[in-house]
Amino acid sequence: MESLLSHFKQFKVSRGFNYRYFFSPATSGKPTLLFIHGFPSLAIDWHHQITFFKAKGYGIVVPDMLGYGGTDKPEEYTEYLHSLLAQDLVDILDHEEVTNAIAIGHDWGARTNSSLAHFHPDRFIGFGFLAVGYTAPNTSVTYDELQAQMTQFIGYNPYGYWEFFASPDAAETIPKHIESFWDLVQAKDTQSDTRTPRDPALAQIQRIHDKEFAKGGFRGPLNYYRVAISAEELEDAKKAPLENYIVQKPVYLGCTERDEICVPIIAQTAARQFCPQATIETFDTGHWVLLDVPNDVNLALEKWINSIVV
């Protein structure tokens, strides 16, 4: 896995931020796959997918997202608006002269992927979502209203922790309780109310996570939550053309059955409403599906890709 790090590149996008990313060019006419990670992750978390699809000749682009790893970490949260992040990713694709691309996102990476569908739909063959599904532009529902809607919809509020993650003290509090933090976000049993064993699938990347987050801190990654509860997020959504609310390109949705936060019914409902060409599957695993069941994910993605690429 560490050998992949030697293949990472650096590029400064149009708004001046430097991104670190893995790149491998496509061969034999295959499309290029853009993998977009979420919180708290890194590009290397996609190592199973990189290895699998690279061996089959697919092009691969996998960035450390803004605020993470070897990519710049601006402190101002408005730099993390998803329309801006989407443009950063398109800048990288343009730099590598990629024209035949499929974007696949997990967690907050799925949210940024939605913005690619809103602002750059013609740039991609299709859009894949893991754990978190497609999100239509939200121009009016506040964070408080969202919590109330979710409580009514699924019986509890899965997003209450956002307020802490978005708070000014979170970036200092988390490192003081770092073992408990990783226990919670990588929990094997999400029903436990005590210190719980971590998902063993994440153990092999923990050393890299420990190093990178100790060096880069959590302020950048937590800015995704500050954006999520902000008025600026609502204003940013208003920039999306109305005709792009419905995703006309093929969509893959891989739900996670044992995910207490990203509950499948939420993503499935949105996909059926906004994605007329959606392929919906459910994996019997928790949130970290790309690491928990990589073979299942890779084969499912490959099958879907083959079905949409002429």
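Because the structure is predicted, anything quoted here is derived from the model rather than measured. (Residues numbered from 1 in each chain as written. Predicted model: local features only at pLDDT ≥ 70, side-chain atom pairs only at ≥ 80, totals over all residues. Heavy atoms only, no water.)

A. Summary view of the pattern of salt bridges. Applying the stated criterion to the full structure yields 13 salt bridges. When the shortest N-O distance is used, the salt bridge between Glu79 and Arg15 registers 3.0 Å. With Glu79 in the loop between strand S4 (59–63) and helix H2 (82–95) and Arg15 in the loop between strand S1 (8–12) and strand S2 (18–24), this residue pair connects regions lying 64 residues apart in the sequence. Accessibility expressed as a relative area gives 25% for Arg15, which makes it partly exposed. Residue Arg219 pairs with Glu172 through a salt bridge whose shortest N-O separation is 2.3 Å. Residue Arg219 is located in helix H9 (residues 219–228), and its partner Glu172 is located in helix H6 (residues 170–176); the two are separated by 47 residues in the primary sequence. Taking relative accessible area as the criterion, Arg219 reaches 31% and is therefore assigned partly exposed. Of the residues examined, Glu172 reaches a relative accessible area of 37% and is grouped as partly exposed. Because the salt bridges share partners, they merge into one network encompassing Arg20, Asp64, Glu212 and Lys215. (Salt bridge = Lys/Arg side-chain N within 4 Å of Asp/Glu carboxyl O. Helix = DSSP H or I, 4+ residues; strand = E, 2+ residues; numbered from the N terminus. Buried < 20%, exposed > 50% of the residue type's maximum accessible area, 1.4 Å probe, protein only.)

B. Spatial organisation of the sheet that holds strand S7 (residues 251–256). The strand order across the open sheet built from 8 strands is S1-S2-S4-S3-S5-S6-S7-S8, with neighbouring strands paired in mixed fashion. Here the strands that pair on one side only, and so sit at the sheet edges, are S1 and strand S8 (278–283). Looking at each pair of strands side by side, their axes are set apart by 20° on average, direction ignored. As paired elements, S7 and S8 share 6 bridges and run parallel to each other. Residue pairing for S8: Tyr252 is matched across the bridge by Thr279. Set on the sheet, helix H11 (residues 264–274) makes contact with S7 and S8; between it and S7 the angle comes to about 165°. The sheet strands contacting helix H13 (residues 294–308) are strand S3 (32–36), strand S5 (101–106), strand S6 (124–130), S7 and S8, and the helix crosses S6 at an angle near 155°. (Pairing = 2+ DSSP bridges. Axes fitted to C-alpha atoms, helices over the stretch in contact; angles between N-to-C directions. Contact = heavy atoms within 4.5 Å.)

C. Quick look at the nonpolar core. Of all hydrophobic cores here, the largest spans 101 residues; its most connected members are Leu34, Phe53, Ile60, Leu116 and Leu222. Each residue touching Phe53, except ones within four places of it in the same chain, is listed here: Leu33, Phe35, Tyr58, Ile60, Asn298, Leu301, Glu302 and Ile305. (Core = buried A, V, L, I, M, F, W, Y, C linked by side-chain atoms within 4.5 Å.)

D. Highlighting the pairing of S7. Of all 6 residues that make up S7, 6 are buried, and the element is covered over most of its length. The alternating pattern of S7 places Val251, Leu253 and Cys255 and Tyr252, Gly254 and Thr256 on opposite faces, both of which are buried. Bridge analysis of S6 against S7 gives 4 bridges, and the strand direction is parallel. In the strand pairing of S7, Gly128 is matched with Tyr252. Following the chain from S7 across H11 to the adjacent parallel S8, one finds a crossover that is right-handed. (Right-handed = clockwise from strand over helix to strand, strands pointing away.)

E. Structural view of the packing of H2 against helix H3 (residues 108–119). With their axes 8 Å apart at the nearest point, H2 and H3 run at an angle of 80° to one another. By the angle class used here, H2 and H3 are roughly perpendicular. Here His82, Ser83, Leu85, Ala86, Leu89 and Val90 of H2 come into contact with H3, specifically with Trp108, Arg111, Thr112, Ser115, Leu116 and Phe119. When its residues are assigned to classes, the contact of H2 with H3 shows 7 nonpolar, 4 polar and 1 charged. (Parallel < 35°, antiparallel > 145°, perpendicular 65-115°, else oblique. Nonpolar A, V, L, I, M, F, W, Y, C, P; charged D, E, K, R; others polar.)

F. Broad picture of empty space enclosed by the protein. Enumeration over the complete set of coordinates arrives at 3 cavities of 30 Å³ or more. The volume enclosed by the largest cavity comes to roughly 50 Å³. Looking at the largest cavity, the residues that line it are Ser83, Arg111, Ser115, His118, Phe119, Pro137, Glu233, Asp236, Ala237 and Ala240. Of all the secondary-structure elements, those providing two or more residues to the lining of the largest cavity are H3 and helix H10 (231–237). Broken down by element, the lining of the largest cavity gets its largest block of residues, 4 residues, from H3. In terms of residue class, the lining of the largest cavity is built from 4 nonpolar, 3 polar and 3 charged. (1 Å grid on protein atoms, 1.4 Å probe; cavity = no way out; pocket = protein on both sides within 12 Å on 5 of 7 lines; lining within 4 Å. Points joined across faces, edges and corners; volume = space filled by probe spheres on them.)

G. Main features of the packing of aromatic side chains. Taken as a whole and assessed by the stated rule, the structure comprises 30 aromatic pairs. Aromatic pair Tyr143 and Trp162: ring centres 6.0 Å apart, planes at 10°, arrangement stacked. Placement of Tyr143 in helix H4 (residues 143–154) and of Trp162 in helix H5 (residues 162–165) is noted, with a sequence separation of 19 residues between them. Relative accessible area serves as the criterion here: at 9%, Tyr143 is assigned to the buried category. Exposure remark for Trp162: the relative accessible area of 10% places this residue in the buried category. Considering the side-chain rings of Phe164 and Phe165, the 5.8 Å spacing of their centres and the 45° angle between planes classify their relative orientation as tilted. On the basis of relative accessible area, Phe165 is assigned to the buried category, the value being 9%. Of note, Lys30 hangs over the ring of Tyr58, and the distance from its end group to the ring centre comes to 4.5 Å. (Phe/Tyr/Trp six-rings, centres within 6.5 Å; stacked < 30°, edge-to-face > 60°. Lys NZ or Arg CZ within 6 Å of the ring centre and 35° of its normal.)

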